[in-house]
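Residue strings, one per chain:
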Number of protein chains: 2
Amino acid sequence: MTDANMRVTVLAGGVGGAKLSHGVSMLPDVDLSVIVNTGDDLELHGLAISPDVDTVLYTLAGLANAETGWGLRDETWSAHEMLGRYGAPTWFRLGDRDIATHLVRTSRLAAGATPTEVTRELAAALGLGARVLPMADRPVRTRIRIATGWLELQAWFVGRRHADDALEIRFDGVDDARPTAAVLDAVRSADVIALAPSNPFISIGTILALPGMVPALLGAGAPVVGVSPIVAGAAIKGPADRMFETLGGEASALGVARHYATRYPGLLDGLVVDVADAAHVPAIERLGMAAMATTTVMHHDIDRRRLAEDTLAFARDLVASAGTATPRVDPVAGDRGAPAKSGA
Amino acid sequence: MTDANMRVTVLAGGVGGAKLSHGVSMLPDVDLSVIVNTGDDLELHGLAISPDVDTVLYTLAGLANAETGWGLRDETWSAHEMLGRYGAPTWFRLGDRDIATHLVRTSRLAAGATPTEVTRELAAALGLGARVLPMADRPVRTRIRIATGWLELQAWFVGRRHADDALEIRFDGVDDARPTAAVLDAVRSADVIALAPSNPFISIGTILALPGMVPALLGAGAPVVGVSPIVAGAAIKGPADRMFETLGGEASALGVARHYATRYPGLLDGLVVDVADAAHVPAIERLGMAAMATTTVMHHDIDRRRLAEDTLAFARDLVASAGTATPRVDPVAGDRGAPAKSGA
């Protein structure tokens, strides 16, 4: 790393990604960019809602609602109640303060701003130093096939509390979408790239499904490290564990490593797993990536910061052990994970 | 009048019109239609806002905010506060519950519903028995010229608290707008038509500016009675008194009568004025309409009901004294006010 600010780029979904990003943002001398999944976006009551982007914004701003795990703290629910009175759909709860975000986004988009521009404006208004970057400016919509057919992601995730087995995933619109220029710049200029402990299928997987995204990551000069969202065989939050069962793979830290190693060969230089999964480290390393066990569950702000520190130190060690300055490997080479593996 | 429900049609702006309409709705055996000014409508944060329609809806539903004089009771302001944080315009305050109304309206309009349909849906959801009818389905936008130029109505009314003299009024879009079929039906089928104590220039005047509206009222079989919004030389609420000064006329009950008699000859069969203006009755009658003095200021629900009763009784007397059943005059004749005048 250089003596200047360490440039850290996090790929993130909602809560887990937001927490790790928040941890990184708390560190001194770090310049943070967060590339956020937009496949969860939806339109409701005419509002353009971008749940993962907002979770990242609110969390970085210290405004996230710790009780609900989504939305804003000190929230009120007057509009929600009134919407119910009008017979409008209320399965996706929108707090009053949260609605303000959606109103601003919707009207700015209608005025011709891009999601990237709107998010930059929202982040600036919230006083954020970090760059929060929607993965794409064109719409991508994640769909989940359950036994009875295809559902929009939020209809499954929130509307049915992801109770049905996810049998298949598709990302509508992804072929026409591209990582934004800001996203590609955040990848290219990063000193460390972290895949947050977000859902590998419908958070990180959505970002990685963008045409050009994996090649950009493979070609970046920075080490790419992931944090396992599976701890002791279960997802910290959400349906990631059950999705491994129904979509293939194993709900374990090793399963996460295999998932990335198989689907995105050479992408991950290292994986951070929870201390509960320390026994998986050797098997993970045999897959061709480094591995490190630490406490990954983030109950409090201090946990976020510590996991961020540990993850960045792990990535720094990968670079050091590779014995090169960044970019330490030929960006064209497919086996960039190898030096890290041998050094772990 | 028939023994069946008395069909009462009120032309209304915001608060004054809503209160009188509410009073009518409290009476037994009355079938109420309220034709509401939409010239005050605006778009803000991408929301389609129809302030007078909403004031009528909320008031009839018993949900109006008595303290503010607009919006909903038990309101919260979380979205407003957050909009301010985002630097969005906050000069037009939107409560959280109120925003739900605008969200429903906006999304229904975007789905192709007409303002009339949306308002019917909102009224049904609020459990209203009355028909609340936007005056037109096509947009009409009232503009006010002040010394420095033209302003949108709400920019003047709310944004500048109507502090500037109104020098001229125009109704953008009115030439392309028409009274809706529901409005014309409410006029044609009415047993009594009442012009609420709303602003004669920018509430009632807007409705009357619709092509075909005055002929429809002149051709209706029902007596048309107004309630003066000016009491003892001052407007109960809003800028009506000052508008008489700057736009021509006199801010008095007699001035109101002259305004209608001059601009809409034959329209008003009678005018209800406040007891404070009882001395104006003879002069008003000399203009060719009946006049009656009663308490018109509506502090409480009971005042609304009593004014409604008095106004309907006044109208009923006009019909009786004309010695005919409704329709008591040839709907084609232009001098339908005459029998009422002679009988007053």
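Counting restarts for each chain, with residues numbered from 1 along the sequence as it is written. The lettering of chains begins at A and the numbering of ligands begins at 1, in the order of writing. Under the rules for a predicted model, residues below a pLDDT of 70 receive no local features and side-chain atom pairs below 80 are neither given nor counted, while totals for whole chains, interfaces and linings still include all residues.

1. A closer look at the overall build of chain A
Heads up, the condition is: By the criteria applied, helices consist of DSSP H or I runs no shorter than four residues and strands consist of E runs no shorter than two, each listed in order from the N terminus. Radius of gyration: C-alpha atoms only; globule rule: 2.2 Å multiplied by the number of residues to the exponent 0.38. The exposure scheme places C-beta atoms from the backbone and then counts, for each residue, the other C-beta atoms within 10 Å of its own, assigning buried at 20 or more, exposed at 12 or fewer, and partly exposed in between. Once C-beta atoms are placed from the backbone, any two residues with those atoms within 7 Å are in contact.
Each helix and strand in chain A was counted, giving 14 helices and 14 strands. Rg of the C-alpha trace for chain A: 19 Å, near the compact-globule value of 20 Å for 344 residues, within the 12% margin. Looking at chain A residue by residue over its 344 residues, the buried ones come to 53%. Contacts spanning at least 24 positions in sequence make up 68% of the contacts within chain A whose residues lie at least 6 apart.

2. Focus on the packing of helix α4 (residues 96-110) of chain B against helix α5 (residues 115-125) of chain B
Residues and elements named next belong to chain B. The condition is simple: The axes used here are C-alpha line fits, helices contributing only the stretch in contact, and every angle between their N-to-C directions lies in the interval 0 to 180 degrees. Here the angle decides the label: under 35 degrees means roughly parallel, over 145 means roughly antiparallel, 65 to 115 means roughly perpendicular, and every other value means oblique. Working rule for handedness: look at the near helix, and if it is turned counterclockwise from the far one by less than a right angle, call the crossing left-handed; if clockwise, right-handed. When residue character is reported, Ala, Val, Leu, Ile, Met, Phe, Trp, Tyr, Cys and Pro are called nonpolar, Asp, Glu, Lys and Arg charged, and the others, Gly included, polar.
Two numbers describe how α4 lies on α5: the axes approach to 10 Å, and their chain directions differ by 140°. Classed by the angle they form, the pair α4 and α5 counts as oblique. Handedness of the crossing formed by α4 with α5: right-handed. Contact with α4, carried on its side by Thr101, Val104, Arg105, Arg108 and Leu109, involves Val118, Glu121 and Leu122 of α5 and no other residues of that element. A class-by-class count of the residues in the contact of α4 with α5 yields four nonpolar, one polar and three charged.

3. What to know about the relation of the copies chain B and chain A
The line we're drawing: Superposition of the copies was done by least squares, using only C-alpha atoms of residues whose pLDDT is at least 70 in both.
Between the two copies, chain B and chain A, the superposition gives an RMSD of 0.0 Å; the rotation angle is 180° and the shift along the axis is 0.0 Å. Taken together, the turn and the small shift mark the pair as related by a two-fold rotation axis. Closest to the rotation axis within chain B is the C-alpha of Asp96 of chain B, separated from it by 3.0 Å. The residues that chain B uses at the interface reappear at the interface of chain A in 100% of cases, marking a shared surface.

4. Points about the interface of chain B and chain A
Contact residues are listed per partner, giving 24 residues for chain B and 24 residues for chain A. Elements with a minimum of two residues in the side of chain B that touches chain A: α3 (78-85), α4 and α5 of chain B. Ranked by the residues each element gives to the side of chain B that touches chain A, the list is headed by α4 of chain B, at 10 residues. Here the side of chain B that touches chain A is composed, by residue class, of 12 nonpolar, eight polar and four charged.

5. Side note on the pairing of strand β13 (residues 270-274) of chain B
Residues and elements named next belong to chain B. Keep this limit in mind: Strands are labelled as partners when DSSP assigns at least two bridges between them.
Of all five residues making up β13, five are buried, and the element is well covered by its neighbours. In β13, alternate side chains face the same way, and those of Gly270, Val272 and Asp274 on one face and Leu271 and Val273 on the other are all buried. Pairing of strand β10 (residues 224-227) with β13 involves three bridges; the strand directions are parallel. Paired with Val225 across the strands is Gly270, a residue of β13. Bridging between β13 and strand β14 (residues 290-294) involves five bridges; their strand directions are parallel.

6. Thoughts on the pairing of strand β1 (residues 6-12) of chain B
Residues and elements named next belong to chain B. What counts here: Looking down the strands as they point away from the viewer, one classifies a crossover as right-handed if the path from the first strand across the helix to the second runs clockwise.
The buried fraction of β1 is high, at seven of seven residues. Side chains Met6, Val8, Val10 and Ala12 project from β1 onto one buried face, and the interleaved Arg7, Thr9 and Leu11 project onto a second face that is buried too. This β-α-β element, β1 to helix α1 (residues 15-25) to strand β2 (residues 30-36), shows right-handed connectivity. Both β1 and strand β9 (residues 192-195) contribute to a ladder of four bridges, which runs parallel. Directly across from Val10, in β9, lies its bridge partner Ala194.

7. A few points about unusual backbone geometry
All names here are of chain A. At Asp29, a position not held by glycine, the phi torsion is positive, near 60°. When you line up the elements, Asp29 lands in the loop between α1 (15-26) and β2 (30-36). We note that Arg161 has phi near 50°; this positive angle belongs to a residue other than glycine. Tracing the backbone shows Arg161 in the loop between α6 (153-159) and β8 (168-172). On the neighbour-count criterion, Arg161 (10 C-beta atoms within 10 Å) is exposed.

8. Concerning the confidence of the model for chain A
Residue and element names in this part refer to chain A. We count it as follows: The score called pLDDT rates the predictor's confidence residue by residue, from a low of 0 to a high of 100.
The predicted model of chain A has a mean per-residue pLDDT of 92, with 93% of residues at 70 or higher. Low confidence marks residues 324-344, where pLDDT is under 50. Its contacts with residues over four positions away, or in another chain, come to 44 contacts. Both confidence scores are given for the complex: pTM 0.89, ipTM 0.88.

9. Overview of the nonpolar core
To be explicit about the condition: Nonpolar cores are built from buried Ala, Val, Leu, Ile, Met, Phe, Trp, Tyr and Cys residues. These are joined into a set through C-beta atoms within 7 Å.
Ranked by size, the top nonpolar core spans 204 residues in total, and within it Val132 of chain A together with Val132 of chain B carry the most contacts. The leading source of residues in this core is helix α13 (residues 301-322) of chain A, at eight residues. Other than its neighbours up to four places away in sequence, Val132 of chain A contacts Val34, Val36, Val53, Val56, Leu57, Leu60, Thr119 and Ala123 of chain A.

10. Some remarks on the sheet that holds β1 of chain B
All names here are of chain B. With respect to topology, seven strands assemble into an open sheet ordered β5-β2-β1-β9-β10-β13-β14, the strand pairing being parallel. Lying at the two open borders of the sheet, with one neighbouring strand each, are β5 (131-134) and β14. Strand-to-strand twist in this sheet, taken as the mean axis angle between neighbours without regard to direction, amounts to 20°. Contacts from α1 reach β1, β2, β9 and β10, with the element oriented near 170° to β1. With respect to the sheet, helix α7 (residues 181-188) is in contact with β1, β2, β5 and β9, its orientation differing from that of β5 by roughly 125°.

11. Looking at the sheet that holds strand β7 (residues 149-152) of chain B
All names here are of chain B. One open sheet holds the three strands; their spatial order is β7-β6-β8, and the pairing between them is antiparallel. Of all strands in the sheet, those with a lone pairing partner are β7 and β8 (168-172), marking the two edges. Ignoring which end each strand starts from, the neighbouring axes of this sheet average 30° apart. Examined bridge by bridge, strand β6 (residues 141-146) and β7 share four bridges and lie antiparallel to one another. When the bridges of β7 are listed, Arg143 appears paired with Glu152.

12. Observations concerning the environment of Arg85 of chain A
The residue Arg85 of chain A is located in helix α3 (residues 78-85) in this model. For the pair formed by Arg85 of chain A and Ser21 of chain A, sequence separation is 64 residues and the distance between their alpha carbons is 38 Å.

13. Looking at helix α11 (residues 253-263) of chain A
Every buried residue belonging to α11 of chain A is among Ala253, Leu254, Gly255, Val256, Ala257, His259 and Tyr260 of chain A, and all of these are buried. Of the surrounding secondary structure, the elements contacted by the buried residues of α11 of chain A are β10 (224-227), β11 (230-231), α10 (240-247), β13 (270-274) and α12 (281-286) of chain A.

14. Quick look at helix α13 (residues 301-321) of chain B
The periodicity of an α-helix, 3.6 residues per turn, causes residues three or four places apart in sequence to face the same way. Residues and elements named next belong to chain B. To be explicit about the condition: How far a helix is expected to stretch is found by multiplying one less than its residue total by 1.5 Å. To obtain the arc, one takes the directions from the helix axis to the C-beta atoms.
Between its first and last C-alpha atoms α13 spans 30 Å; for 21 residues at 1.5 Å apiece the expected length is 30 Å, and the two agree. All of the buried residues along α13 are Arg304, Leu307, Ala308, Thr311, Leu312, Phe314, Ala315, Leu318 and Val319. With its buried residues spanning 150° around the axis, α13 presents them on a single face.

15. Examining the environment of Met6 of chain A
Turning to its location among the elements, Met6 of chain A is positioned in strand β1 (residues 6-12). Placed 26 residues apart in sequence, Met6 of chain A and Leu32 of chain A show a C-alpha to C-alpha distance of 8.3 Å.

16. Section: the environment of Leu247 of chain B
Residues and elements named next belong to chain B. Tracing the backbone shows Leu247 in helix α10 (residues 240-247). Residue classification places Leu247 among the partly exposed positions, given that 17 C-beta atoms sit within 10 Å. In contact with Leu247, other than residues within four places in its own chain, are Ala166 and Phe201.

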